[in-house]
Amino acid sequence: MSAKVPDKKIAVVIIAYNAAKTIEAAWREIPKEWVDLIIIGDDCSQDNTAELARRLPGALVIRHEKNQHMGGNQMILYDKALEMGFDIVVLLHGDNQFDPGKVPEMVRALTEGGADAVLGSRIAGHQTREGGMPRYKEISNKVLAFVQNRAYRLNLSDYATGYKAYSRKVLETIPYRRNRRDFLFDEQVNTQIVKFGFRLTQVPIPTRYFPEATTVNFWTSLHYGFFTLWTVCQYLLHNWGLKKFTYLEPRDEKRAGG
Ligand SMILES: Nc1nc2c(ncn2[C@@H]2O[C@H](COP(=O)(O)OP(=O)(O)OP(=O)(O)O)[C@@H](O)[C@H]2O)c(=O)[nH]1
Ligand SMILES: [Mg+2]
């Protein structure tokens, strides 16, 4: 049980890919009194991320022998956190793009704010330009959020963020194992959270862009944008009973991982 939240077991999971330059800083900035365990998923990095991570006190390092990409890495880390009995799971990136100092606010949104899942919103943090978010990403994130808010009947500003916290109930319920393994995994998780009736909120976070903090270029962003719109369509088609999507269907208790 963490020192600050004695009745909850809290894990920070870090997806890390070629993060040798940043992993130590990401670990150092985590307020340890809020966290029981830091689980680092090294996604078969070609640099010495795993070796460096293994030296960090309080961190459990899982190295994947094959590259799992961003979604596959998260699946393995969520499975592990559930297996180990954690009540709250906070997701951070090994590139240290998301301020670990915000972990307490993310956790409090769940423990005191009544949320089941929370997104760290760079837009609500009002520093997108100062933090170096490219203008086209800022505009497209806002346009996508506008569409998503209408479809999901929410009022959030940054669904494309990589900083999230989930309650155990969310991870036990949504069939995340059926999602895509690439960058689009996160968007499917957002949709599942809404579909399964969980309360999704946000807390403001600072924006941080620097060379190591992004591999997503204009074309990947465009792909991401179209896929996000398609995910919204899938959600609506599914709800209207016009077409079924398995990742929006409840987990099958008989099948491991849903
Ligand atoms: N396995 C794998 N993981 C990756 C790859 N690219 C990125 N990742 C992981 O995904 C995380 C986020 O990648 P970024 O490229 O920063 O993407 P993003 O944060 O969603 O988008 P930006 O807002 O552009 O930074 C990284 O911290 C890595 O852990 C990849 O090619 N393979
Ligand atoms: Mg990034």
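Notes on the structure follow.

What counts and what doesn't
- Numbers given for residues are sequential positions, taken from 1 along each chain in its written order.
- Note on labels: chains are lettered from A, ligands numbered from 1, in written order.
- pLDDT decides what is reported in this predicted model: residues at 70 or higher carry local features, side-chain atom pairs at 80 or more are listed and counted, and totals for whole chains, interfaces and linings draw on all residues regardless.
- Fitted lines through C-alpha atoms give the axes, limited to the stretch in contact for helices. The angle between two N-to-C directions lies from 0 to 180 degrees.
- Only DSSP runs of H or I covering at least 4 residues are called helices, and only runs of E covering at least 2 are called strands; the numbering of each starts at the N terminus.
- Oblique is the label for any angle not under 35 degrees, not over 145, and not in the 65 to 115 range, which are roughly parallel, roughly antiparallel and roughly perpendicular in turn.
- Handedness of a crossing is defined here by the sense of rotation of the near helix relative to the far one, left-handed for an anticlockwise turn of less than a right angle and right-handed for a clockwise turn.
- C-beta atoms are placed from the backbone for every residue, and two residues are taken to be in contact when these atoms lie within 7 Å.
- Residues were grouped as follows: Ala, Val, Leu, Ile, Met, Phe, Trp, Tyr, Cys and Pro as nonpolar; Asp, Glu, Lys and Arg as charged; and all remaining residues, including Gly, as polar.
- Partly exposed residues are those falling between the two cut-offs: more than 12 but fewer than 20 other C-beta atoms within 10 Å of their own, whereas 20 or more means buried and 12 or fewer means exposed, with C-beta atoms placed from the backbone.
- Here, any two strands with at least 2 DSSP bridges between them count as paired.
- The arc in question is the one traced by the directions running from the helix axis out to the C-beta atoms.
- To decide whether a residue is near a molecule or strand, its C-beta atom is placed from the backbone and checked for lying within 6 Å of it.
- The span expected for a helix works out to 1.5 Å for each residue beyond the first.
- For our purposes the nonpolar core covers buried Ala, Val, Leu, Ile, Met, Phe, Trp, Tyr and Cys residues that link as a set through C-beta atoms within 7 Å.

What follows concerns the packing of helix α7 (residues 185-195) against helix α8 (residues 218-239). Axis separation between α7 and α8 bottoms out at 10 Å; the angle between their running directions is 25°. Comparing the axis directions of α7 and α8 gives the class roughly parallel. Both α7 and α8 take part in a crossing whose hand is right-handed. Here Glu-187, Gln-188, Thr-191 and Lys-195 of α7 come into contact with α8, specifically with Phe-227, Thr-228, Thr-231 and Tyr-235. Across the contact of α7 with α8, the residue classes tally to two nonpolar, four polar and two charged.

To continue, consider the packing of helix α5 (residues 135-152) against α8. Taken N-terminus to C-terminus, the directions of α5 and α8 make an angle of 5°; their axes are 10 Å apart at the nearest point. Classed by the angle they form, the pair α5 and α8 counts as roughly parallel. Where α5 abuts α8, its residues Tyr-136, Lys-137, Ser-140, Leu-144, Val-147, Gln-148 and Ala-151 lie against Phe-218, Ser-221, Gly-225, Thr-228, Leu-229, Val-232, Tyr-235 and Leu-236. Residue composition of the contact of α5 with α8, by class: nine nonpolar, five polar and one charged.

Below, the discussion takes up the pairing of strand β4 (residues 88-93). For β4, the tally of buried residues reaches five of six residues, placing the bulk of the element in the interior. Pairing geometry for strand β1 (residues 10-16) and β4, over six bridges, is parallel. Bridge pairing in β4 places Ile-14 opposite Leu-92. Inspection of the sheet shows β4 paired to strand β6 (residues 164-167) by four bridges, in the antiparallel sense. Residue pairing in the sheet places Ile-88 in a bridge with Ser-167 of β6.

With that settled, the discussion passes to helix α4 (residues 103-111). For α4, the complete set of buried residues consists of Val-103, Met-106, Val-107, Ala-109 and Leu-110. Seen along its axis, α4 keeps its buried residues to an arc of 150°; they face one direction. Here the buried face of α4 lies against β1, β4, β5 (117-121), β6 and β7 (200-204).

This next bit is on the site of ligand 1. Among the 18 residues in the neighbourhood of ligand 1, the closest are listed as Tyr-17, His-93, Thr-214, Thr-215 and Val-216. For the shell around ligand 1, the secondary structure elements donating two or more residues are β1 and α3 (69-83). In terms of residue count, α3 provides more of the shell around ligand 1 than any other element does, three residues in total. In terms of residue class, the shell around ligand 1 is made up of seven nonpolar, nine polar and two charged.

So, on to the sheet that holds strand β2 (residues 37-42). Taken together, seven strands build an open sheet; the order of strands is β3-β2-β1-β4-β6-β5-β7 and the sheet is mixed. At either margin of the open sheet sits one strand with a lone partner, and together these are β3 (59-63) and β7. Across the sheet, the mean angle from the axis of one strand to that of its neighbour is 20°, orientation sign disregarded. Strands in contact with α3 are β1, β2, β3 and β4; relative to β1, the strand with the most contacts, it is inclined by about 155°.

Among the structural elements, Met-75 can be located in helix α3. It is 6.3 Å that separates the C-alpha atoms of Met-75 and Arg-177, two residues lying 102 residues apart in sequence. If we ignore the near neighbours within four places in the chain, the residues touching Met-75 are Tyr-176 and Arg-177.

Take α3 next. The terminal C-alpha atoms of α3, which comprises 15 residues, lie 21 Å apart, in line with the 21 Å expected from a rise of 1.5 Å per residue. Of all the residues in α3, the buried ones are Gly-71, Gly-72, Asn-73, Gln-74, Leu-77, Tyr-78 and Ala-81. In this structure, the buried side of α3 is in contact with β1, β2, β4, α6 (168-173) and α7. Once α3 ends, the next one or two residues include Gly-85, with phi positive near 85°.

Looking now at the nonpolar core. By size, the foremost hydrophobic cluster in this structure holds 58 residues, and its most contacted members are Val-12, Val-89, Val-90, Val-107 and Ala-165. In terms of residues, this core owes the most to one element, β1, which gives seven residues. Every residue in contact with Val-12, bar those within four places of it in the chain, is listed here: Ile-30, Val-35, Ile-38, Val-90, Leu-92 and Val-103.

Take unusual backbone geometry next. Of note, Cys-44 is a non-glycine position whose phi angle comes to about 55°, a positive value. Relative to the helices and strands, Cys-44 resides in the loop between β2 and α2 (49-54). Positive phi values are uncommon outside glycine, yet His-126 reaches one of about 55°.

Limitation: the analysis is restricted to geometry and does not speak to function.
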